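# Secondary and tertiary structure notes
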Amino acid sequence: LNIGFFVNLILKMSKNRQLNSPYNPLISVIVPVYKVENFLNKCVDSILNQTYTYLEVILVDDGSPDNCGALCDQYSQSDSRVRVIHQDNKGLSAARNSGMDIATGDYISFVDSDDYLSPCFYEYLMNAMETHPDVRIVGCQYYRDEDGMIKPYTRYQIEKHCLYSYKTFCED
C-alpha cells in the first residue's frame, strides 16, 4: 500500500471535446488489477461510494492469477457504472492504456488497486477543475504531517498546490 505517496490525477480529455453533460461531467476511473485480492474490495468500494457519483469505473484484470477477475465481474454485475476488461498480463501501463481505449468520460483518473479514496475525493478535484477552466490536470496526494499522521490535502491545498494548466505543461 503506497498511501504515504498516493497521487491521483484527473486529466481533461480534450479542450475541444463536447462534455457528456455540462453540469455533471463524467469521470472515467481506470483501475489496473493484478494480484490485489485482499485490497480490491476496499479500493472499488471507495470509488463507488464517492459523493461525486458521475463515474464510470473501468476495472482492468491484467491476467491476475488470484480471484481478482471474479471480484471484478461481481462489481460489474452489481453496479452499472462498472465495466471490466480481462486481458493477459501485459503490465501496469498496458492495463491503463486498455482502460483508456474504452473510456467514455470527459475526464480520466487512475487509481491503483491497492489504494483507496476518501469519500469526497472526486468532488474536491472536480470543484477545483470546474472553478478554473484553464486547468487541464488536477493532482492530489496524501501527505504526512509533522506528527507523522497521513492526511489528505484540503480543498484549499488542492487549489493552491495541485492545479496545472495547459500552459504549465506545454509552454514551460
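The structure under discussion appears in the preceding block.
This structure is a prediction, so every number in the text was calculated from the model and none was measured. (Residues numbered from 1 in each chain as written. Predicted model: local features only at pLDDT ≥ 70, side-chain atom pairs only at ≥ 80, totals over all residues. Heavy atoms only, no water.)

### Thoughts on the overall build of the chain
Of regular secondary structure, the chain possesses six helices and eight strands. Counted from the first residue to the last, the chain has its helices and strands arranged as β-β-α-β-α-β-α-β-α-β-β-α-β-α. Considering only residue pairs separated by 6 or more positions, the chain has 79% of its internal contacts joining residues 24 or more positions apart. For the chain, the exposed surface amounts to about 9,200 Å²; the carbon and sulfur share of it is 49%. (Helix = DSSP H or I, 4+ residues; strand = E, 2+ residues; numbered from the N terminus. Contact = heavy atoms within 4.5 Å. Areas by Shrake-Rupley, 256 points an atom, 1.4 Å probe, with all protein chains shown as cover.)

### A few points about the nonpolar core
Nonpolar side chains in soluble globular proteins tend to be buried together. Ranked by internal contacts, the top residues of the largest apolar core, which has 28 residues, are Ile47 and Tyr122. For this core, the secondary-structure elements that each account for two or more residues are β2 (27-33), α1 (40-48), β3 (55-62), α2 (68-78) and α4 (121-131). Grouped together as the second largest cluster of nonpolar side chains are eight residues, Ile30, Ile85, Ile108 and Phe110 included. (Core = buried A, V, L, I, M, F, W, Y, C linked by side-chain atoms within 4.5 Å. Buried < 20%, exposed > 50% of the residue type's maximum accessible area, 1.4 Å probe, protein only.)

### Focus on the pairing of strand β4 (residues 82-87)
Bridging between β3 and β4 involves six bridges; their strand directions are parallel. Bridge pairing in β4 links Leu59 to Val84. Of the crossover connections in this fold, the one passing from β3 over α2 to the parallel β4 is right-handed. (Pairing = 2+ DSSP bridges. Right-handed = clockwise from strand over helix to strand, strands pointing away.)

### Regarding the pattern of salt bridges
Per the counting criterion, the structure on display carries three salt bridges. Among the salt bridges present, the one from Arg81 reaches Asp79, with a minimum N-O distance of 3.0 Å. A relative accessible area of 17% means that Asp79 is categorised as buried. When the shortest N-O distance is used, the salt bridge between Arg96 and Asp112 registers 2.9 Å. Of this pair, Arg96 sits in helix α3 (residues 92-102) while Asp112 is found in the loop between β5 (107-110) and α4, placing the two residues 16 residues apart along the sequence. (Salt bridge = Lys/Arg side-chain N within 4 Å of Asp/Glu carboxyl O.)

### What about the packing of α1 against α2?
To characterise two packed helices, one gives the angle between the axes of the helices and the distance between these axes. At a minimum axis separation of 11 Å, α1 and α2 run at an interaxial angle of 25°. Between α1 and α2, the angle is such that the two are roughly parallel. Judged by the sense of rotation from one axis to the other, the crossing of α1 with α2 is right-handed. Two secondary-structure elements touch here, α1 through Leu40, Asn41, Val44, Asp45 and Leu48 and α2 through Cys68, Leu71, Cys72 and Tyr75. Of the residues that constitute the contact of α1 with α2, the class distribution is seven nonpolar, one polar and one charged. (Axes fitted to C-alpha atoms, helices over the stretch in contact; angles between N-to-C directions. Parallel < 35°, antiparallel > 145°, perpendicular 65-115°, else oblique. Left-handed = near helix turned anticlockwise from the far one by under 90°. Nonpolar A, V, L, I, M, F, W, Y, C, P; charged D, E, K, R; others polar.)

### Some words on the packing of aromatic side chains
All chains considered together, the criterion is met by two aromatic pairs. Ring geometry for Tyr52 and Tyr54: centres 5.7 Å apart, planes at 75°, overall edge-to-face. For Tyr52, a relative accessible area of 12% translates into the label buried. Over the ring of Tyr116 we find Lys42, and its NZ or CZ is 4.1 Å from the ring centre. Here Arg96 stacks its cationic end above the ring of Phe110, 5.2 Å away from the centre of that ring. (Phe/Tyr/Trp six-rings, centres within 6.5 Å; stacked < 30°, edge-to-face > 60°. Lys NZ or Arg CZ within 6 Å of the ring centre and 35° of its normal.)

### With respect to α4
Inspection of α4 places Phe121, Tyr122, Leu125, Met126, Ala128 and Met129 among the buried residues, and these make up the whole buried set. Down the axis of α4, the smallest arc covering the buried residues is 160°, so these residues share one side. (Arc of directions from axis to C-beta.)

### Quick look at α1
Turning to α1, its buried residues number three or more, namely Leu40, Cys43, Val44, Ser46, Ile47 and Leu48. Elements in contact with the buried residues of α1: β2, β3, α2 and β4.

Such coordinate-based values are descriptive only and should not be taken to indicate function.
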